[in-house]
Amino acid sequence: PQGRRLPPLGFCPGGSGMDRKSETVYLWVRAYIEENRFSSNSKIPSENALCRRLSVSRETVRRALDRLVEEGLLRRVRGSGTYINKEAALSRELGGSGDRIKIGLILQGQDGNANSSLMEGIRSILPPDQVDLRAFLTDNKFANERRCLNAVMDQGFRGFIVDGVKASLLNPNLDCYQRIYQKRIPVIFYNNYYKSLKCPRVVVNDPRCAEELIGLLIREGHRNIAGIFVSDNYQSIEKFQGMAAALQKNGVEYQDDYVKWCVSDEAHDARFTRSIDHFLKRLPQCTAVVCCNYMIYQLVRQVLEKQGKRVPQDCSLVCFDYSNDDWEEQGVTCSVHQGYRIGQEVASRLMRMIRNKDCDDLGYTYVLAPEIHLGRTVGPARTAKA
């Protein structure tokens, strides 16, 4: 999408979680409109699809869509669905940055909670009277990333903040990033980055995080530990490697059958619970499960409840990057997703790169220490129910 500057987040300290999530849906649909306004596609995903896609309630989705209808960008057709108002979308002014520095934020868009906190952190550093921040959503798809990069290449952007697409795979869009580099436009990655590029990144120390989380399980006597990871996500690969290293360090045998791999789209699909159910039923001796992100954790909890297994009495759980804000209330033993802090770090470092006219990683990379919350989802290892 090439839309004009997205409005500031509606959520602020003291605001409701509903406001925060509604703003996430609003931004997601705005980006969808911008991406499809030149195409033949004019119907947006259904309310149910948006609920599943963004892990929010129907009321939250409706609030966001109502706002877009009021702005004239969407129109509802009774009995048919909600459509992009092409005339209004095409007439939107694409410029308007004035003297502000134009920054592009390229998001995967698959975890609404993580995106919201990240954007709050970025906006706390980049004042809207000085910076024109424009968000683009790739939906973790190479084709979307390429369309986005080609669309913004000559739009006067001074820098980009990027969460890489399927970063563990060979990316077909590296030529786009090379052209951006040749134009001397700084790019900084967060979470997922492309190892072949010279760009800096802000990431969490996932190997250390794995050592701490898996260490908690091992100290409670767990030896048959299962893990569920995302194969096309570089961040998830590092979590897996950290888990394998932690098992080896503590003298626990790594078992291939105890690791399940999926791809990003599966991790965001409620139907993936069937596959998780079959996986865990094949492991009757399993006493603990390591979840590589918040979405996987939610699906595993659903499966264990359906199987009649209690947490942690029958099965202990730990989770990387728990991105919802209820980890204390839910008592989850996890690494807390540091979206706000990551947002602050990428924004401040990118502005330094712009001021210094740097495109290479000259000390701009930053690795955050994991933030571990000790909850109630880990207990002593017991014989698991078959």
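All values reported here derive from a predicted model rather than from experimental measurement. (Residues numbered from 1 in each chain as written. Predicted model: local features only at pLDDT ≥ 70, side-chain atom pairs only at ≥ 80, totals over all residues. Heavy atoms only, no water.)

Colleague: Lay out the packing of helix H2 (residues 47-54) against helix H3 (residues 58-70) with the relevant residues and their values.
Modeller: The N-to-C vectors of H2 and H3 enclose an angle of 110°; their axes lie 9 Å apart at closest approach. Comparing their axes, H3 and H2 come out roughly perpendicular. Note on packing geometry: the crossing formed by H2 with H3 is right-handed. Residues Glu47, Asn48, Leu50 and Cys51 of H2 touch H3, and the partners they reach there are Arg58, Val61, Arg62 and Leu65. Residues of the contact of H2 with H3, tallied by class, amount to 4 nonpolar, 1 polar and 3 charged. (Axes fitted to C-alpha atoms, helices over the stretch in contact; angles between N-to-C directions. Helix = DSSP H or I, 4+ residues; strand = E, 2+ residues; numbered from the N terminus. Parallel < 35°, antiparallel > 145°, perpendicular 65-115°, else oblique. Left-handed = near helix turned anticlockwise from the far one by under 90°. Contact = heavy atoms within 4.5 Å. Nonpolar A, V, L, I, M, F, W, Y, C, P; charged D, E, K, R; others polar.)

Colleague: Which residues make up the packing of aromatic side chains, and what values do they have?
Modeller: Two measures describe an aromatic ring pair: the distance that separates the ring centres and the angle between the ring planes. In this structure the tally under the stated criterion is 12 aromatic pairs. Aromatic side chains Phe229 and Phe240 sit 5.7 Å apart centroid to centroid with 70° between the ring planes, which places their arrangement in the edge-to-face category. You can see Phe229 sitting in strand S8 (residues 225-230) and its partner Phe240 sitting in helix H9 (residues 234-249), a full 11 residues away along the chain. Each of the two residues, Phe229 as well as Phe240, counts as buried. Above the ring of Tyr181, the side-chain terminus of Arg184 is found at 5.2 Å from the ring centroid. (Phe/Tyr/Trp six-rings, centres within 6.5 Å; stacked < 30°, edge-to-face > 60°. Buried < 20%, exposed > 50% of the residue type's maximum accessible area, 1.4 Å probe, protein only. Lys NZ or Arg CZ within 6 Å of the ring centre and 35° of its normal.)

Colleague: I'd like to hear about the nonpolar core, residue by residue, with values.
Modeller: With 51 residues, the main nonpolar core has Ile214, Val289, Val290, Ile296 and Val300 as its most contacted residues. Residue contributions to this core peak at 8 residues, all from helix H12 (residues 294-306). Setting aside its immediate chain neighbours within four residues, Val300 contacts Ile228, Ile276, Val289, Cys291 and Leu317. (Core = buried A, V, L, I, M, F, W, Y, C linked by side-chain atoms within 4.5 Å.)

Colleague: Report on the pairing of S8, specifying residues and quantitative values.
Modeller: With 6 of its 6 residues buried, S8 lies for the most part within the structure. In the sheet, S8 pairs with strand S10 (residues 288-291) via 4 bridges, with the strands oriented parallel. Residue pairing across strands places Ile228 opposite Cys291, the latter belonging to S10. Pairing between S8 and strand S9 (residues 259-262): 4 bridges, direction parallel. When the sheet's bridge partners are listed, Phe229 is paired in S9 with Trp261. One crossover worth recording links S8 to the parallel S9 by way of H9, and it is right-handed. (Pairing = 2+ DSSP bridges. Right-handed = clockwise from strand over helix to strand, strands pointing away.)

Colleague: Hey, could you go over the pattern of salt bridges for me, with residue numbers and the actual values?
Modeller: Taken as a whole, this structure holds 17 salt bridges when the rule is applied. In this structure, the salt-bridge partner of Glu212 is Arg208, at a minimum N-O distance of 3.4 Å. One end of the pair, Glu212, and the other, Arg208, are both in helix H8 (residues 206-219), 4 residues apart, so they sit about a helical turn from each other. Across the pair Lys249 and Glu211 runs a salt bridge whose closest N-O atoms are separated by 2.4 Å. Of the two residues, Lys249 sits in helix H9 while Glu211 sits in helix H8, which places them 38 residues apart along the sequence. You can call Glu211 partly exposed: its relative accessible area is 36%. (Salt bridge = Lys/Arg side-chain N within 4 Å of Asp/Glu carboxyl O.)

Colleague: Give me the lowdown on the layout of surface pockets, citing residues and values where you can.
Modeller: Here the largest pocket defines a volume of roughly 400 Å³. Along its surface, the largest pocket is lined by 17 residues, and Arg52, Arg53, His268, Asp269 and Ala270 are the ones closest to its centre. Considering each element in turn, the lining of the largest pocket owes the most residues, 4 residues, to H12. Its residues assigned to classes, the lining of the largest pocket comprises 5 nonpolar, 5 polar and 7 charged. (1 Å grid on protein atoms, 1.4 Å probe; cavity = no way out; pocket = protein on both sides within 12 Å on 5 of 7 lines; lining within 4 Å. Points joined across faces, edges and corners; volume = space filled by probe spheres on them.)

Colleague: Any details on empty space enclosed by the protein? Residues and values, ideally.
Modeller: Gaps between atoms show up when a probe of the same size as a water molecule is rolled over them. Inspection of every chain in the model, using the stated rule, returns 9 cavities of 30 Å³ or more. Considered as a void within the structure, the largest cavity measures approximately 360 Å³ in volume. Lining the largest cavity are 25 residues, and of these Gln108, Asp111, Asn233, Gln235 and Met295 sit closest to its centre. Those elements that provide at least two residues to the lining of the largest cavity are helix H5 (112-125), H9 and helix H10 (264-267). Of the residues contributing to the lining of the largest cavity, the split by class is 7 nonpolar, 14 polar and 4 charged.

Colleague: Which residues make up the sheet that holds strand S3 (residues 101-107), and what values do they have?
Modeller: Spatially, the 6 strands line up as an open sheet ordered S4-S3-S5-S6-S7-S13, and their pairing is parallel. Edge strands, defined here as strands with exactly one partner in the open sheet, are strand S4 (131-137) and strand S13 (366-368). Each strand of the sheet is rotated relative to its neighbour by a mean of 15°, with strand direction disregarded. Judged from the 4 bridges that link them, S3 and strand S5 (residues 159-162) form a sheet pairing that is parallel. Looking at the pairing, Ile103 lines up with Gly159 of S5.

Colleague: Quick rundown of unusual backbone geometry? Include the residues and the values.
Modeller: Here the bond from Val311 into Pro312 is cis, since omega is 5°, no more than 30 degrees from zero. When you line up the elements, Pro312 lands in the loop between H12 and strand S11 (316-322). Notably, Asn140 is not glycine yet its phi reads approximately 55°, a positive angle. The exposure class assigned to Asn140 is buried, which follows from its relative accessible area of 1%.

No statement about biological role is implied by the geometric values presented.
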